[in-house]
Amino acid sequence: MVNLTIDGKAVTAEEGTYILQVAQANNIDIPTLCYHPALEPFGACRLCTVEINSRGRKRLVTSCNYSVEEGLEVSTNSEAVIKGRRMILELLLARCPNVPLIQELAKSYGIKKPRFKLEDDNCILCGLCARICEERMGVSAISFSGRGLERKIDTPFHIHSEICQGCGACAFVCPTGAIKLEDITDKEPRPILSEFNAGLSPRSAIYVPFPQAVPKVPVIDRDVCIHFLTGNCRTCENFCQAGAINYDQEDEIIEADVDAIILASGFDLYDPSALEEYGYGKIKNVITAMQYERMISASGPNEGRLERPSDGKTPKKLAFIQCVGSRDTHHKLYCSSVCCMHATKEAILANEHYPDLKAFIFYTDMRAVGKRFQEYIARAEQEYDVTYIRSRPSKITENPDNENPIIWYEETTARTRTTMEVDMVVLCQAMIPSGSTKEISDMLHLSLNDYQFVDIPDRLFHPVDTEIPGIFACGFCQAPQDIPDSVVQASAAAARAAEFVSRKD
Amino acid sequence: MGNKGLSSVEELEGLRKEILSKRRPDKPVITVCTGTACQTYGSLEIYQKLADQIKKQGLEGAVVEAKATGCHGFCEQGPVVVIFPQEICYVKVKLEDIPEIVSATLDQGRVIERLLYEDPVTGEKITKDPDIPFYKNQMRLVFGNNRYINPSEIDDYIALGGYSALSKALFKMTPEQVLEEIKKSNLRGRGGGGFPTGIKWETTRNAPGEIKYVIVNADEGDPGAYMDRSLLEGNPHSVLEGLIIGAYAIGSSQGFVYVRQEYPLAVSNLNVALKQAKEYGLLGENILGSGFDFDVKVHRGAGAFVSGESSALMTAIEGKVGEPRPKYIRTAVKGIWDRPSNLNNVETWATVPLIINNGADWFRGIGTEGSKGTKIFSLVGKVNNTGLVEVPMGMTLREIIFNIGGGIRDGKKFKAVQTGGPSGGVIPEKFIDLPVDFDELSKAGSMMGSGGMIVMDEDTCMVDTARYFLNFLANESCGKCVPCREGIKQMLDILTDITEGRGEKKDIELLEEVAATVKDFSLCALGTTAPNPVLSTLKYFRDEYLAHIEQKRCPAYVCKPLISYYIDPEKCQACMICLRQCPVGAISGGKNQIHVIDQTKCTKCNTCFEVCPPRFSAVRRLSGEPVPPPVKDRVLVRRKG
């Protein structure tokens, strides 16, 4: 450990660390442009220059790559340093007058208009893109070409790169937005879609799945992480101050002797692409209910703004189609039980956000069996401009002029076949027992009923007991039910399990 | 061609005796300088004709010998031919002179008067080249052997005592003793930095790591400097011998010679030398049977000035783009592939054998307190004797420029001398008695640099000079760091504006402000020294800048946008010479009609100024004043007599 002072403040640091790192660790601000904690210091922008007094000699050095020494005196804002920073920023601003980052930095040093002729570049030649491509990704698809005033970032021979892996790291680290992936490769990057946001927004390979995740700790998706795909990168490791990133972590297999098991493996959503007549996946403005939920959520990717996929317009006419995959001889025979109510809630939410929005719910019959649920439906009709149409539409087509979905249906009360053009359609898709339900049931030798739910032999008196004593099942894995019902069943299963275990003693 | 490998000092000395015994000191040898400069005068053809002539007359071998040597240094007077043993020096030799030279040599070494050098002051013809003032006033310790050596003939080098320093070092001295000797000599790097060579060697030797490298920096990028080229072309073994001695002292077994792309003759002569040294067991494994292994790789540059900077050079040797590295750890400790690497200039290495042979005390007897030994300069520009000169440190600029250089050509007045290339500055007349010394030149605001010395006269515009160097640096900057890339660009912009008549009062202040940042904040020495030409011309010739800015006047009549050509109607005799010679037909007039230059067409090529007969001298250059309108009556009244 060495002792040094920065701006008069006494600090200690490990030998071999750079002045900039020590300053940052002590909350002393030194401006940088070409510095990145996961890359070798480049020393190109010279903005991080500080004045040091080492063994009686005063020098100006770049703090990003000068190692600390015992007794070093560092001044991060002496007159000489400030003067030089000002000039550097003035020179950069003359080169890139329209880059917001440079404008802000220059402004913070009192420079509004450079005294030089203005150019109109947006690359500051910091090299972050080329360096991350070489040092972290091991690809070197782009690099510096040319010398002096001709220097620029380019691919070999100025043609699209064949080796670019489309990771987008270059565009990500670029501080000015000068790097465009389409200039480097003609590969289209495949975005990693957030599962929690139903594919509406991208996420990174290392991510916290959702805000309420337990534990609320990032995970690495090994299927898309560059390190697991190519052996390179590991940039996240450089940022984690807790040193918590461990690429070698493996699944832990824990063996436990237990006296009872509660199966609560939940549900998955049925993919409505299977119902080709509804055009999900082909017609842009046909979305699932889960996607709608994420769109309208204040904490979702749109922050609650309803923007239809094709052009971002707010729909004025919104349609909900019930029983998409449920109560259907071609797909799932059962009723998923929660969709009528969530569709009503969604229609109410839409009208609350956008008062002149009209919603149309195409239903088979309204399953409003809970307490005060029917009142809720009535209120939707009366106060929130929701219209219920008893019909199961036969198909959805698209108006090519404006990408509006057109619903083809029969009014069963009036017995007329007709169409309705709307701005957006929400498909209330069926819910199915989760994939792990079958897997675990097979392991435990539990039977599944005809609808693939865990079989409960005696629903009347033992609603959470499976056929095997000691194994209990609750929630959607054994029958379609909403949240309150699932919670009740969970308590029941816990009570049954406790009773069972105590009786065993 | 057989195993000539020498495996002991005795064998080396035996070979040396043998070579000398085969050479008759009285046999005439006609040497032709075939350094790159003389080659451009056609000296290679001259040598060829000479060799053919001798062969044709059946004289080769016993009677007379032709030898192609490297650069002699008297480049103004090339092609240079020197005949031994009499040391008769013929200058500006032409192809057709060869037969006469051969016959005169056979005729008991008769001297051909018309080919001798004529002293411009005394009118005297000088026969022997050591008597020529250009050579007489030099101290050619490092460079002098060039005239005796055919660089493709290792035996020539050995005949002069070559590799005796190496054998002394390997067998009579330990590596530490060699190191101490170089340290004691106070030899400072000749490449520009002037860093004490012994200390650099010591740092490399003491740096942790088994593998160490020694490097010859032959990138010589300063415009006008060609000392290293001539040394490497003409006496490559002197550099090699110094390199091997250095490697021994430092503990390195691998050396590199980084030669710039534009020196093909140096590369080929070097490669021949390396091959021959290897054959003789003076390079490679078990040198002279000492157990010391050392080999050399030649690496060619790719056309960049910046790759002469030592960290850039090492990066280039690693196979990457030759850009300087932003490191605060000395390359002597972490250089090529992070291994201790000792880099020295060509001339520095060539000085080493002399020090080993003659001792550090001898070396310290030459030069000044702070700068020991001799230095080779390329004396170029507006001086009569342009060429390569080697002088002891401490000789004054006046002595070099006037006694050796023969003064300013065409009888013009000395204005300044630019030293140190693009990193250096100008030294005006009031400091012309400054001794040539690392510290003295730095104190005056310039630097010794690698040895370029550009002499300027009253016809040189100092603002244009600064602009020239900035333009060079703007093109050669690697572009990595902001102050150098953007700062030099803006300084160049301002200077271009000033030289083209768009200068404003605030420009000088802005120039100095940008210069300060470029100087203190750039990543490498190219940037930090880039403002020097500007700052030193501003220091000593600020009035010229002000004239350009305030009066739109170029006192030296160089900056074309600021000068106009005007035919004085009082003097013009309508001889039609300029009218006919004007390349753009801008001059109108007739046999008896006073000529007038159309200012809208004039390209300022200077032709009319040059061709107007001196007795008329009717063409005037104007600057900072408007051109008078043409006279109404242009009919010429001829002067009588």
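From a predicted model like this one, the values you see are computed outputs, not experimental measurements. (Residues numbered from 1 in each chain as written. Chains lettered and ligands numbered in written order. Predicted model: local features only at pLDDT ≥ 70, side-chain atom pairs only at ≥ 80, totals over all residues. Heavy atoms only, no water.)

S.K.: So what exactly am I meant to see when it comes to the overall build of chain B here?
M.R.: Helix and strand counts for chain B stand at 24 helices and 19 strands. Radius of gyration (C-alpha) of chain B: 28 Å, near the 26 Å computed for a compact globule of 641 residues. When its C-alpha atoms are laid out on the principal axes, chain B stretches across 90 × 65 × 40 Å. Buried residues in chain B amount to 60% of all 641 residues. When contacts within chain B are restricted to residue pairs at least 6 apart in sequence, those whose partners lie at least 24 apart make up 71%. Counting every atom, chain B has about 25200 Å² of accessible surface; 51% of that belongs to carbon and sulfur. Looking at chain B, you have 78 positive and 79 negative side-chain charges, and the mean spots of the two groups are 4 Å apart. (Helix = DSSP H or I, 4+ residues; strand = E, 2+ residues; numbered from the N terminus. Rg over C-alpha atoms; globule rule 2.2 N^0.38 Å. Buried < 20%, exposed > 50% of the residue type's maximum accessible area, 1.4 Å probe, protein only. Contact = heavy atoms within 4.5 Å. Areas by Shrake-Rupley, 256 points an atom, 1.4 Å probe, with all protein chains shown as cover. Lys, Arg positive; Asp, Glu negative; His and termini not counted. Charge placed at Lys NZ, Arg CZ, Asp CG, Glu CD.)

S.K.: Got a minute to help me understand the interface of chain A and chain B in this structure?
M.R.: How big an interface is tends to be reported as the loss of accessible area on association of its parts. Taken together, the contacts link 34 residues of chain A with 31 residues of chain B. Between chain A and chain B the total buried area reaches about 2800 Å² when both faces are included, carbon and sulfur atoms providing 57% of it. Across the chain A-chain B interface, the total number found is seven salt bridges. Note that Glu513 of chain B is salt-bridged to Arg115 of chain A, the shortest N-O span being 2.8 Å. Linking chain A with chain B are 18 residue pairs in polar contact (both at pLDDT 80 or more). With eleven residues, helix H2 (residues 79–95) of chain A is the single largest residue contributor to the side of chain A that touches chain B. (Buried area = accessible area lost by both parts, 1.4 Å probe. Salt bridge = Lys/Arg side-chain N within 4 Å of Asp/Glu carboxyl O. Polar contact = N/O pair within 3.5 Å; in protein donor to acceptor, adjacent residues only side chain to side chain.)

S.K.: What is the right way to look at the nonpolar core in this model?
M.R.: For soluble globular proteins, nonpolar side chains are generally found buried alongside one another. Core analysis: the largest hydrophobic core is formed by 114 residues, its most contacted members being Tyr163 and Phe294 of chain B. Broken down by element, this core gets its largest block of residues, nine residues, from helix H11 (residues 236–250) of chain B. In this structure Phe294 of chain B touches Val214, Leu243, Ile244, Ala247, Ser252, Ser253, Gln254, Gly255, Leu283, Gly284 and Ile287 of chain B, once residues within four positions along its chain are discounted. Ile124, Leu125, Cys133 and Val139 of chain A belong to the second-largest nonpolar core, a separate cluster that totals 44 residues. (Core = buried A, V, L, I, M, F, W, Y, C linked by side-chain atoms within 4.5 Å.)

S.K.: I tried to follow the sheet that holds strand E11 (residues 374–381) of chain B on my own but got confused; where do I start?
M.R.: Sheets are built from strands paired through backbone hydrogen bonds, the pairs being either parallel or antiparallel. All names here are of chain B. Spatially, the five strands line up as an open sheet ordered E12-E11-E15-E13-E14, and their pairing is mixed. In this open sheet, the two strands that pair with only one neighbour each are strand E12 (387–392) and strand E14 (425–428). For this sheet, the mean angle separating the axes of adjacent strands, direction not counted, is 30 degrees. (Pairing = 2+ DSSP bridges. Axes fitted to C-alpha atoms, helices over the stretch in contact; angles between N-to-C directions.)

S.K.: Is there a simple way to explain the domain arrangement of chain B in this structure?
M.R.: Residues and elements named next belong to chain B. One can read the domain layout of chain B as domain 1 (26–84 + 88–127), domain 2 (154–364), domain 3 (374–457), domain 4 (462–550) and domain 5 (563–623). Inter-centroid distance (C-alpha atoms) of domain 1 to domain 3 is 30 Å. Listed as interface residues are seven residues of domain 1 and, on the opposing side, six residues of domain 3. For the pair domain 1 and domain 3, the summed buried area comes to about 460 Å², and 44% of that belongs to carbon and sulfur atoms. Taken together, the links from domain 1 to domain 3 amount to one salt bridge. (Domains from an automatic or database assignment.)

S.K.: Which parts of the structure should I look at to understand the confidence of the model for chain B?
M.R.: Low pLDDT means the predicted coordinates in that region are not meant to be read closely. For chain B, per-residue confidence averages 92 on the pLDDT scale, and 99% of positions sit at 70 or higher. Scored as a complex, the prediction yields pTM 0.86 and ipTM 0.88. (pLDDT = per-residue confidence, 0-100.)

S.K.: How should the side chain of Glu486 of chain B be read in this particular structure?
M.R.: Among the structural elements, Glu486 of chain B can be located in helix H19 (residues 482–499). Its relative accessible area of 0% is what places Glu486 of chain B among the buried residues. A distance of 3.0 Å separates polar atoms of two side chains, one belonging to Glu486 of chain B and the other to Arg95 of chain A. For Glu486 of chain B, the contacting residues outside a window of four places in its chain are Leu91 and Arg95 of chain A.

S.K.: Looking at this model, I keep getting lost on the confidence of the model for chain A. Mind explaining?
M.R.: On average, residues of chain A score 93 in pLDDT, and 100% of them reach the 70 mark or higher. For chain A, helix H8 (residues 235–239) of chain A is the element with the lowest average pLDDT, namely 90, and strand E19 (residues 424–429) of chain A is the one with the highest, namely 97.

S.K.: Would you explain a nonpolar patch on the surface in this entry?
M.R.: Residues Phe267, Leu269 and Met290 of chain A make up a contiguous nonpolar surface patch of about 230 Å² in total accessible area. Looking at where Met290 of chain A falls in the secondary structure, it is placed in helix H9 (residues 289–296). (Patch = residues over 30% accessible without salt bridge, like charges linked within 9 Å, V, L, I, M, F, W, Y side chains within 5 Å.)

S.K.: Looking at this structure, I do not really get the sheet that holds strand E14 (residues 358–363) of chain A. What am I missing?
M.R.: Residues and elements named next belong to chain A. Spatially, five strands are ordered E12-E19-E13-E14-E15 in an open sheet, and the strand pairing comes out parallel. Edge positions in the sheet fall to strand E12 (286–288) and strand E15 (386–390), since each has one partner strand and no second. Going from strand to strand, the sheet's axes swing by 25 degrees on average, the running direction of each strand aside. In the packing of helix H10 (residues 339–353) onto the sheet, the strands contacted are strand E13 (317–324), E14, E15 and E19, and the crossing angle to E13 comes to about 170 degrees.

S.K.: I tried to follow helix H14 (residues 346–358) of chain B on my own but got confused; where do I start?
M.R.: All names here are of chain B. Within H14, ten of the 13 residues are buried, which leaves it mostly tucked inside the rest of the structure. Here H14 has its buried residues at Val346, Glu347, Thr348, Trp349, Ala350, Thr351, Val352, Pro353, Ile355 and Ile356. The opening residue of H14 is Asn345, an N-cap whose side-chain oxygen sits 2.8 Å from the backbone nitrogen of Glu347. Where H14 terminates, the next one or two residues include Gly359, which has phi positive at roughly 95 degrees.

S.K.: Which parts of the structure should I look at to understand the side chain of Thr368 of chain B?
M.R.: Residues and elements named next belong to chain B. For Thr368, the location among the structural elements is in the loop between helix H15 (360–364) and E11. We classify Thr368 as buried; its relative accessible area is 18%. Reaching out from Thr368, the side chain makes a polar contact with the side chain of Asp437 at a distance of 2.4 Å. For Thr368, the contacting residues outside a window of four places in its chain are Met393, Gly394 and Asp437.

S.K.: What is the right way to look at the packing of helix H10 (residues 227–234) of chain B against H11 of chain B in this model?
M.R.: Geometrically, a packed helix pair is captured by the angle between its two axes and the distance between the axes. All names here are of chain B. The interhelical angle for the contact between H10 and H11, taken along N-to-C directions, is 95 degrees, at an axis separation of 5 Å. The pairing of H10 with H11 is recorded here as roughly perpendicular in orientation. On H11, the residues that touch Leu231, Leu232, Glu233 and Gly234 of H10 are Pro236, Ser238 and Val239. (Parallel < 35°, antiparallel > 145°, perpendicular 65-115°, else oblique.)

S.K.: What should I look at first to understand the pairing of strand E3 (residues 81–84) of chain B in this one?
M.R.: Side-chain positions along a regular strand alternate between the two faces of the sheet. Residue and element names in this part refer to chain B. In E3, alternate side chains face the same way, and those of Val81 and Ile83 on one face and Val82 and Phe84 on the other are all buried. Where strand E1 (residues 29–33) and E3 come together, four bridges link them in antiparallel fashion. Along E3, the bridge assignment pairs Val29 with Phe84. As defined by bridge partners, E3 adjoins strand E4 (residues 88–90) across three bridges and the pair is classed as antiparallel. The partner of Ile83 across the bridge, within E4, is Ile88. Between the antiparallel neighbours E3 and E4 lie three residues, among them Glu87 with a positive phi of about 65 degrees.

S.K.: Explanation requested: the pairing of strand E18 (residues 593–597) of chain B in the structure shown.
M.R.: Residues and elements named next belong to chain B. In terms of residue burial, E18 counts as a mostly covered element, since four of its five residues are buried. Note: strand E17 (residues 587–590) against E18, three bridges, orientation antiparallel. Its bridge partner being in E18, Gly590 is matched across the sheet by Gln593.

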